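# Architecture and fold: a report
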Amino acid sequence: RAKSLGRNRIQFYEDGMMEKALARRQMESDLTQALKCGEFRLDYQPICRLSDRAILGFEALIRWDHPLRGLVSPAEFIPLSEENGMIVQIGEWVIEEACRQLAEWPEEVHVAVNVSPMQMRLPSIVEVVRRALAAHDLAPQRLTLELTETALVRDGAHLARNLIALRAMGVKIAMDDFGTGYSSFTHLRDFELDQIKIDRSFVNVAQEDHKAWAVAQAVTNMARELSVGAVGEGVESSEQITRLMELGCDVAQGFFLGRPMDGTRATALLADAAAADHIAAE
Ligand code: C2E
Ligand code: MG
Ligand code: MG
Ligand code: MG
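All figures in this text were calculated on a predicted structure; none of them were measured in a lab. (Residues numbered from 1 in each chain as written. Chains lettered and ligands numbered in written order. Predicted model: local features only at pLDDT ≥ 70, side-chain atom pairs only at ≥ 80, totals over all residues. Heavy atoms only, no water.)

## Comments concerning the environment of Gln-89
For Gln-89, the position within the fold is in helix α3 (residues 87-102). Residue class for Gln-89 comes out exposed when judged on its relative accessible area of 51%. Note: C-alpha distance between Gln-89 and His-136 (47 residues apart in sequence) is 19 Å. (Helix = DSSP H or I, 4+ residues; strand = E, 2+ residues; numbered from the N terminus. Buried < 20%, exposed > 50% of the residue type's maximum accessible area, 1.4 Å probe, protein only.)

## Let's talk about the pairing of strand β1 (residues 40-49)
Judged by how many residues are buried, β1 sits mostly within the fold: eight of ten residues are covered. Where β1 and strand β2 (residues 55-66) come together, nine bridges link them in antiparallel fashion. Among the inter-strand pairings, Asp-43 is bridged to a residue of β2, identified as Leu-61. What sits between β1 and β2 in their antiparallel hairpin is a turn of five residues, with Arg-53 showing a positive phi close to 65°. Inspection of the sheet shows β1 paired to strand β10 (residues 261-262) by two bridges, in the antiparallel sense. (Pairing = 2+ DSSP bridges.)

## Topic: the packing of aromatic side chains
Applying the stated criterion across every chain, the model contains seven aromatic pairs. For the pair Phe-40 and Trp-64, a centre-to-centre distance of 5.8 Å together with 50° between the ring planes defines the contact as tilted. A residue pair is termed long-range when its members are at least 10 positions apart, and Phe-40 in strand β1 and Trp-64 in strand β2 qualify at 24 residues. Relative to Trp-105, the ring of Phe-58 has its centre 4.9 Å away and its plane inclined at 40°; by these criteria the two rings are tilted. With Phe-58 in strand β2 and Trp-105 in the loop between α3 and β4 (110-114), the pair connects residues that are 47 residues apart, well separated along the chain. For the pair Phe-58 and Trp-105, one class covers both residues: buried. Of note, Arg-259 hangs over the ring of Phe-255, and the distance from its end group to the ring centre comes to 3.9 Å. (Phe/Tyr/Trp six-rings, centres within 6.5 Å; stacked < 30°, edge-to-face > 60°. Lys NZ or Arg CZ within 6 Å of the ring centre and 35° of its normal.)

## Quick notes on the coordination of the magnesium ion (ligand 2)
Each protein donor to the magnesium ion (ligand 2) is listed here as Glu-59 (OE), Asn-114 (OD1), Glu-146 (OE) and Asp-176 (OD); together their distances run 2.0 to 2.2 Å. Written as a sequence motif, the donor residues of the magnesium ion (ligand 2) are E-x54-N-x31-E-x29-D. Take Glu-146: its relative accessible area is 1%, and that puts it in the buried class. You can call Asp-176 buried: its relative accessible area is 6%. (Donors = N, O, S within 2.8 Å, 3.2 Å for Na, K, Ca; no water.)

## Observations concerning helix α10 (residues 263-275)
Here α10 is 13 residues long and its end C-alpha atoms lie 18 Å apart, about the 18 Å a rise of 1.5 Å per residue gives. Against the buried residues of α10 lie β1, β2, α3 and β10. Taken from the residues just after α10, Asp-277 is the one with a positive phi, measuring 55°. (Expected span 1.5 Å × (residues − 1). Contact = heavy atoms within 4.5 Å.)

## Some words on the coordination of the magnesium ion (ligand 3)
Coordination of the magnesium ion (ligand 3) by the protein is provided by Asp-176 (OD), Asp-177 (OD) and Glu-233 (OE), with metal-donor distances spanning 1.9 to 2.3 Å. Positions of the donor residues of the magnesium ion (ligand 3) along the chain correspond to the pattern D-D-x55-E. A separation of 3.6 Å is found between the magnesium ion (ligand 3) and the magnesium ion (ligand 2), which share Asp-176 as a coordinating residue. Taken together, the residues span a long stretch of sequence, with Asp-176 in strand β6 (residues 172-178) and Glu-233 in the loop between β8 (229-232) and α9 (238-247) at a distance of 57 residues.

## Let's talk about the site of ligand 1
Surrounding ligand 1, one finds 21 residues, the nearest of these being Arg-63, Asn-114, Asp-176, Glu-236 and Phe-255. Glu-233 is positioned with one of its side-chain polar atoms (N or O) 3.4 Å from an oxygen atom of ligand 1. Glu-236 has a polar side-chain atom sitting 2.5 Å from a nitrogen atom of ligand 1. Contact with the protein chains removes 83% of the 800 Å² of surface that ligand 1 exposes when unbound. Mapped by element, the contributors of at least two residues to the shell around ligand 1 are β2, α2 (74-83) and β6. The residue inventory of the shell around ligand 1, partitioned by class, reads eight nonpolar, five polar and eight charged. (Near = heavy atom within 4 Å. Polar contact = N/O pair within 3.5 Å; in protein donor to acceptor, adjacent residues only side chain to side chain. Areas by Shrake-Rupley, 256 points an atom, 1.4 Å probe, with all protein chains shown as cover. Nonpolar A, V, L, I, M, F, W, Y, C, P; charged D, E, K, R; others polar.)

Structural data, given as structure tokens:
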């Protein structure tokens with residue numbers, strides 16, 4: 001309707017659309033500000049070996065401490081920053097910051113970084129990663145890039161080239177939230193991966209949820225057949241850990257194993273773990 005009035009005309013919005021558009025504009029300018037003023041930080045959630053709960057590494061999760069709104073969830077600002085392209089700068093900051101932090105930790109420790117679909121298709125991603133690793137003198141094997149299945153859907157050629165270059169460098173690639181996107185199986189055949197993360201909707205479930213556990217079992221079996229690692233996401237109870245181990249999934253993360261924490265606390269956790277000989281080399 002607004003369209004038929006042509007350009008340069010006052011447009012009529014549905015109820016609430018104006019407010020939404022304004023909120024978006026506000027958020028966009030706030031995001032620019034956030035990068036400049038250092039309002040982003042990374043939290044780190046432990047990824048553990050289940051047999052002894054030893055720490056293998058951490059997943060870096062972005063946090064935005066908004067001056068007025070307080071903590072804003074990445075689920076809110078990451079999708080918007082993908083739409084307006086700001087994810088490119090934000091994503092570079094995340095990679096650089098995760099590498100800076102990783103360089104302070106023992107050599108056995110890994111870090112997994114989430115990379116948005118758009119960022120993963122840019123030719124520059126390979127250089128961004130290479131530069132961050134070199135700047136902090138890190139072995140590429142210590143860095144995992146997590147991407148969701150939706151990343152693999154469009155413009156597969158650019159993406160495939162980047163994945164090949166990154167893996168050739170030694171960086172690991174994980175498929176995040178497995179089971180929630182589409183045509184997962186095609187992607188497993190077309191792209192070389194190192195890890196599959198089983199989405200928490202199949203893990204953070206009741207013992208009696210036979211369907212969810214059947215999917216978790218199938219994904220674990222498939223990962224083994226493909227010689228890639230399987231990681232359970234969203235573990236919130238010891239029963240879920242027991243269940244994952246029965247399925248043959250040896251690695252997981254979740255609130256039960258450790259909540260996301262800031263870098264200082266993660267460093268302290270690693271110091272305790274090192275003292276108890278509880279950091280796993282893998
Ligand atoms: P994700 O990559 O699947 O990350 C896991 C999410 O699950 C995190 O939410 C984490 O806090 C949450 N989680 C971990 N264990 C549990 C559990 O036991 N129970 C429950 N209920 N939740 C658990 P978070 O930090 O809010 O991040 C949400 C999503 O935002 C991430 O999902 C990821 O897709 C995206 N994201 C986060 N940081 C970044 C980033 O630096 N770059 C990009 N592109 N995306 C990011
Ligand atoms: Mg992730
Ligand atoms: Mg995930
Ligand atoms: Mg998830």
